[in-house]
Each structure stands twice: as C-alpha cells, then as structure tokens.
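Topology and contacts: notes
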Amino acid sequence: MTVSKGQIIEWLEKSADIIQKNKDYLTQLDAAIGDADHGVNMTRGFKKVEEKLPTIAGKDIGNILKATGMTLISSVGGASGPLYGTFFMRAATAGNGKEALDSIDLCAMFKGGVDGIVQRGRPNRGDKTMFDAWAPALDAMQAALSNGKDTLTIVKAGAEAIEQGMKDTIPLQARKGRASYLGERSIGHQDPGATSSCLIFKMLLEVLEA
C-alpha cells in the first residue's frame, strides 16, 4: 500500500477541518498554560493551507509539503508557526519528485519533520511540548517498519503512540516556551501543541482507512 498524492492533499484538507472544529478546545488548553491563541493561530494557518492547495495540487508531494510549511510559517503566529512550518518543510524532502509514498518514504517523511522540530525548538522528551507526542509516534512507526508491517499498520502504530504521548504531557512540568514560566502550575494540563499534533496525525489514519 502506498500513500498517493491525492491522499496527502486530502490529509491536509482534513487537518484544516479538524483544527477548525477544535479551535475553541485548543484555545482552552493554551489558556491554561500559554497565550490562549493556539486554536486561533492554527486555524488561521491551516485555512491558508487549504486555500493554497488547489494552486499546487499539480505539483509533486515534496512541493506540496514544502508549500504547506512555508504557508504555515507566514500565517501562524507564536512558536507554532515556525515549528509546524519547519516540520512540513523538512518532511517535504522525502516526497521530492514523487506522486506516491511507500512505507519507507512515509517514515522518512515523518522523521524529517520531527528532526525539523528538534532543529527549530531544541526540545527534549519530557519538556511538555509537541515533541512529546511526535517522538513516540516516530519510534512506533519505525519499529513497525522494521518489523515488516504494511503502511496502514505503521500509521496505526503512530496514531496510538501520538495519542498516548499527548496524554502523557498532562503530568509533566513545562520546560519550554511560555508554559515554563508557570513552573509547577503547568502540571496537570495537556500541552496544546501535542494536542494539535495528535489531531493532525490521526487525520492521516482516517484518510488511509477510508
């Protein structure tokens, strides 16, 4: 099973939709430990991506992902714009010149994206950031790939791990960004970036299961 260019476009469209539907939820999460703007910023950014997609649908997967990243950097405020933008721009490398991705390409795509988050934000596991969701997801995907699993099984493994990683941010004390200013008061709140990451990743599984 490969992931087609059409499915990548559908994934981005569904991501825009799920972010819009969860705008208030993401804002509430961010209000507890941040600037209360994550929902608004992410909705604005992915709406711009959705508007951009028809103009780039004829390009290869790499160009589509690169354009997505550039759009997010230019339209999402706060720390999330550079982080998500870098994620998609680095993820794009695995899709350069390709109309479809096999399981190796797909894992390479997400590894590139997660490496981009690390490069941009310098997070460590346990810092209570989106990296705490993405790191276990990537580990699970790479493990499934190494075990010879098919593409859908690999993405399912990633989806389970990213959801658990998101939930595991709740008891953590924030060590990055605005949330870190709260010290121990950041404990007990789910990280908004990890939450939006989980929402976006699970849309890929929804597309592949359709």
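Notes on the structure follow. Just so it is clear, the structure is predicted and the values come from calculations on it, not from any experiment.

Some points on the nonpolar core
Core analysis: the biggest nonpolar cluster contains 59 residues, and Trp11, Phe88, Leu106, Met109, Phe110 and Trp134 have the highest contact counts within it. Of all the secondary structure elements, the ones that give two or more residues to this core are α1 (5-21), α3 (38-56), α4 (61-75), α5 (80-91), α6 (103-121), α7 (131-146), α8 (151-167) and α9 (192-209). Beyond its immediate stretch of four places on either side in the chain, Trp11 contacts Leu65, Phe88, Met109, Phe110, Ile200, Met203, Leu204 and Val207.

Remarks on α4
Owing to its 3.6 residues per turn, the α-helix aligns residues three or four sequence positions apart on the same side. The end-to-end C-alpha distance of α4, which contains 15 residues, comes to 21 Å, matching closely the 21 Å that a straight helix rising 1.5 Å per residue would cover. Among all positions of α4, only Ile61, Gly62, Ile64, Leu65, Ala67, Thr68, Gly69, Thr71, Leu72 and Ser75 are buried. Taken together, the buried residues of α4 touch β1 (3-4), α1, α3, α5, β2 (100-101) and α6. A side-chain oxygen of the first residue of α4 lies 2.9 Å from the backbone nitrogen of Gly62; this N-cap is Asp60.

Notes on the packing of aromatic side chains
By convention here, two paired aromatic rings are described through the distance between centres and the angle between planes. For the coordinates displayed, the defined rule picks out nine aromatic pairs. Measuring from ring centre to ring centre gives 6.4 Å for Phe46 and Phe88, while their planes differ by 70°; the resulting arrangement is edge-to-face. Of this pair, Phe46 sits in helix α3 while Phe88 sits in helix α5, and the two are 42 residues apart along the sequence. Accessibility classification places Phe46 together with Phe88 in one group, the buried group. Seen from their ring centres, Phe87 and Phe88 are 5.2 Å apart, and the 85° between their planes marks the pair as edge-to-face. Taking the relative accessible area as the measure of exposure, Phe87 reaches 2% and is therefore buried. What makes Phe88 buried here is its relative accessible area of 1%. Taken together, the ring pairs connect Trp11, Phe46, Phe87, Phe88, Phe110, Trp134 and Phe201 into an aromatic cluster.

Re unusual backbone geometry
Located in the positive-phi region is Arg122, a residue other than glycine, with phi close to 55°. Structurally, Arg122 is set in the loop between α6 and α7. For Arg122, a relative accessible area of 56% puts it in the exposed group. A positive phi angle, near 70°, is found at Lys128, a position not held by glycine. Within the secondary structure, Lys128 sits in the loop between α6 and α7. Exposure remark for Lys128: the relative accessible area of 2% places this residue in the buried category.

Focus on the pattern of salt bridges
As enumerated under the stated definition, the model contains 11 salt bridges in all. Between Asp17 and Lys21 there is a salt bridge, and its shortest N-O distance comes to 3.1 Å. Here Lys21 and Asp17 lie together in helix α1, a separation of four residues that amounts to about one turn. Taking relative accessible area as the criterion, Asp17 reaches 36% and is therefore assigned partly exposed.

Cut-off values and rules
Residues numbered from 1 in each chain as written. Predicted model: local features only at pLDDT ≥ 70, side-chain atom pairs only at ≥ 80, totals over all residues. Heavy atoms only, no water. Core = buried A, V, L, I, M, F, W, Y, C linked by side-chain atoms within 4.5 Å. Buried < 20%, exposed > 50% of the residue type's maximum accessible area, 1.4 Å probe, protein only. Helix = DSSP H or I, 4+ residues; strand = E, 2+ residues; numbered from the N terminus. Contact = heavy atoms within 4.5 Å. Expected span 1.5 Å × (residues − 1). Polar contact = N/O pair within 3.5 Å; in protein donor to acceptor, adjacent residues only side chain to side chain. Phe/Tyr/Trp six-rings, centres within 6.5 Å; stacked < 30°, edge-to-face > 60°. Salt bridge = Lys/Arg side-chain N within 4 Å of Asp/Glu carboxyl O.

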